[in-house]
Amino acid sequence: MPADERFAVRRDRARASVPRPLAAAPAPSGVPLPDGLALRGRLATGARRPETPRGSGRGAPGSRTPRTGRGGGPRRTYERARRAWDRPLTAYYVILGSSLLITVLGLVMVYSASMIKALDISKPSTYFFGKQFLAAVIGGALMLVAARMPVKLHRALAYPILMVTVFLMVLVQVPGIGMSVNGNQNWLYLGGPFQLQPSEFGKLALILWGADLLARKQDKRLLTQWKHMLVPLVPVAFMLLGLIMLGGDMGTAIILTAILFGLLWLAGAPTRLFAGVLGAAAAIAFLLIRTSPNRMSRLACMGVSEPDPEGGCWQAAHGIYALASGGWFGSGLGASVEKWGQLPEPHTDFIFAITGEELGLAGTLSVLALFAALGYAGIRVAGRTEDPFVRFAAGGVTTWITAQAVINIGAVLGLLPIAGVPLPLFSYGGSALLPTMFAVGLMIAFAREDPAAKAALAMRKPGVRWKTMRRRVKKRPSGER
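What you see is a predicted model, and the numbers here were worked out from it, not measured in a lab.

Notes on the overall build of the protein chain
At step 1: Across its full length, the protein chain holds 19 helices and 3 strands.
At step 2: The proportion of buried residues among the 481 residues of the protein chain is 40%.
At step 3: Of the contacts made within the protein chain by residues no fewer than 6 positions apart, 66% connect residues no fewer than 24 positions apart.
At step 4: Accessible surface, the protein chain: about 27,300 Å² in total, of which carbon and sulfur atoms supply 63%.

Rendered as structure tokens:
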């Protein structure tokens, strides 16, 4: 065969073995392109190859969910938030951060709400702020001590704190020793401008002692019997309530009753028993309110929008005025009008109204969000522990703070009677601030006692982290790392 024919046969075989393109792109002039330039022409004119379905290639998974963007939508955001909340140290940081923010914001609002009151009694404008700041410093030290104390030491302090508190509450009723403030005989004079209200420490004493009592009975499996559940918890609580009511402080008695019900509920009290104790407490409360004209007048001021002609419900009405004049973002810090003598007790019981007037709805919602975060973190600590004492104590502290906040804010909003209780960690009053900050330190200690939180905190220590990294790094034969 001649050489030209052999070359033609080889060329035809080579062309037959090469897969031809689907369609050749036409040349701009209408002249067909050679076969070798067909693919190049298609790319030049923007023609696309047919796409292969994702997942059909070698090594690829059989099916894959298409991505919806970098954010992932609300469901992915919810999952991220849930995973962040489930971290071991979340409750620890939420309790610490929310309590400190409430305290700092409370110091600012105490100064703003009390400056006119201080000038009215011929004192410097920083008079009440200075006392509250000193109480916050002492309370911060107590919170740090309580957060570093082991759980066994907290249990050991339960009985001494209860006995000292009962002694001080009895001492208040002794003529010549106890003091009366706003009609309530619940104060002890400490010298100078300082006073002490022992009934505020009665809340902490009941929580620690009641949690230790119920934990010991649960270890012995005695809480299944109603007599062991009620005795001696309910008699001791009624003794504290009696000492408080001798001084006429109905608000503190309500908070102490809420703590008692919280402990019984955590202990698993049956419905009949719980309803019986609740009915007895409601009957006693109705009798005490019915026999006191002052308490009946407070009950009648629920939901009022203006004071009556005789001057009744003045505080409740002006609290609503302060909230209504605040608007969305308030009149500005220090620009309140109601604190100029129109609203009684602007820095104690009704400081939330001044907050609404100066910081508006945004400020009040921020305070509510901080209290909600603190309460939810306390519920998480109580729900995740296996120690019965920690569960009872954390639940009691959470009940105390949330119930007192609800009663105070509800009274300012006109939804509840004015009980005369301060807003926890926020209102003026060192006697209320000190035990509350110690209770917050108690919850921080409980959050640190969680095994997962202990491991996470240990990993954050510089020495442990360095040793862990040294163990994981292997040396190479050359000596390099």
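Remarks on the pattern of salt bridges
At step 1: Within this structure, the stated rule accounts for 4 salt bridges.
At step 2: It is possible to trace a salt-bridge network through shared partners that takes in R155, D212 and R216.

Examining the state of the cysteines
What we call a disulfide is simply a covalent bond connecting the sulfur atoms of a pair of cysteines.
At step 1: This model, assessed by the stated rule, comprises 1 disulfide.
At step 2: A sulfur-sulfur distance of 2.1 Å marks the disulfide that ties C301 to C313. Because the sign of the S-S torsion sets the handedness, a value of about -90 degrees for the bond joining C301 and C313 places this disulfide among the left-handed ones. Of the two residues, C301 sits in the loop between helix 13 (293-300) and helix 14 (314-324) while C313 sits in the loop between helix 13 and helix 14, which places them 12 residues apart along the sequence.

Here's the deal with the layout of surface pockets
Rolled over the atoms, a probe sized like a water molecule indicates the empty space that remains.
At step 1: One number sums up the size of the second largest pocket: a volume of about 300 Å³.
At step 2: What lines the second largest pocket is a set of 18 residues, among which T385, F446, E449, D450 and P451 lie closest to the centre.
At step 3: When contributions to the lining of the second largest pocket are tallied by element, the ones reaching two or more residues are helix 4 (90-120), helix 15 (351-384), helix 17 (430-448) and helix 18 (451-459).
At step 4: For the lining of the second largest pocket, the class distribution of residues is 11 nonpolar, 1 polar and 6 charged.

Points about empty space enclosed by the protein
At step 1: Enumeration according to the criterion identifies 3 cavities of 30 Å³ or more in this entry.
At step 2: Q404, P422, L423, P424, L425, F426, S427, Y428, G429, A432, L433 and T436 together form the lining of the largest cavity.
At step 3: Residues belonging to the lining of the largest cavity are distributed by class as follows: 8 nonpolar, 4 polar and no charged.
At step 4: Its boundaries defined by the atoms lining it, the second largest cavity holds a volume of some 50 Å³.
At step 5: Around the second largest cavity, the lining residues are D349, F350, I407, N408, A411, V412, I418, A419, G420 and V421.
At step 6: Split into classes, the residues belonging to the lining of the second largest cavity amount to 7 nonpolar, 2 polar and 1 charged.

A word on a positive patch on the surface
At step 1: Residues R76, R80, R83, R87 and R460 make up a contiguous surface patch of positive charge.
At step 2: Looking at the secondary structure, you find R87 in the loop between helix 3 (73-85) and helix 4.
At step 3: With a relative accessible area of 54%, R87 lands in the exposed category.

Thoughts on helix 5 (residues 127-148)
At step 1: Between the first and last C-alpha of helix 5 there are 32 Å, a value that for 22 residues agrees with the 32 Å anticipated at 1.5 Å per step.
At step 2: Within the sequence span of helix 5, burial applies to F128, K131, Q132, A135, A136, G139, M143, A146 and A147. Buried residues of helix 5, viewed axially, fall in a sector of 140 degrees; they line one side. For helix 5, the exposed residues set more than 90 degrees away from the buried face come down to L144 and R148.
At step 3: On the buried face of helix 5, the contacting elements are helix 4, helix 6 (151-156) and helix 17.

Observations regarding the environment of W209
At step 1: When you line up the elements, W209 lands in helix 8 (residues 198-219).
At step 2: A relative accessible area of 4% places W209 in the buried class.
At step 3: Along the chain, W209 and L157 lie 52 residues apart, while their C-alpha atoms are 8.5 Å from each other.
At step 4: Ignoring any residue separated from it by four or fewer positions in sequence, one finds W209 in contact with A158, Y159, L162, P232, L233 and V236.

Procedures and definitions
- By convention here, each chain's residues receive numbers from 1 onward along its written sequence.
- Local features in this predicted model are restricted to residues whose pLDDT is 70 or higher, and side-chain atom pairs enter the listing and the counts only when it is 80 or higher, whereas totals over whole chains, interfaces and linings include all residues.
- Only hydrogens and water are set aside; all other atoms, that is, all heavy atoms of the structure, feed into the side-chain values.
- Each helix is a run of H or I in the DSSP string that is no shorter than four residues. Each strand is a run of E no shorter than two, and both are numbered from the N terminus.
- Note on exposure labels: buried denotes an accessible area under 20% of the residue type's maximum, exposed denotes more than 50%, and partly exposed covers the range between, all computed with a 1.4 Å probe on protein chains only.
- Two residues qualify as a contact provided that any one of their heavy atoms is within 4.5 Å of a heavy atom in the partner residue.
- Only the protein chains shown count as cover for residues, and all accessible areas are computed by the Shrake-Rupley method using a 1.4 Å probe.
- Salt bridge, as used here: a side-chain nitrogen of Lys or Arg that lies within 4 Å of a carboxyl oxygen of Asp or Glu.
- Cysteine sulfur atoms that pair up within 2.5 Å are treated as a disulfide.
- In this analysis the probe radius is 1.4 Å and the grid spacing 1 Å, with only protein atoms considered; a cavity is a set of points the probe fits into but cannot get out of, a pocket is an open set with protein on both sides within 12 Å along at least five of seven lines, and lining residues have an atom within 4 Å of a point.
- Grid points are joined across faces, edges and corners, and a volume is the space filled by probe spheres set on the points.
- Lys, Arg, Asp and Glu make up the charged group, whereas Ala, Val, Leu, Ile, Met, Phe, Trp, Tyr, Cys and Pro make up the nonpolar group; the residues left over, Gly among them, are polar.
- What makes a patch is a set of residues exposed beyond 30% relative accessible area and free of salt bridges, joined within 9 Å when like-charged and within 5 Å when nonpolar (Val, Leu, Ile, Met, Phe, Trp, Tyr).
- For this count, His and the chain ends are skipped, Lys and Arg are scored as positive, and Asp and Glu as negative.
- We put the charge of a Lys on NZ, of an Arg on CZ, of an Asp on CG and of a Glu on CD.
- To estimate the expected span of a helix, count its residues, drop one, and scale the result by 1.5 Å.
- Think of the arc as the fan of directions from the helix axis to the C-beta atoms.

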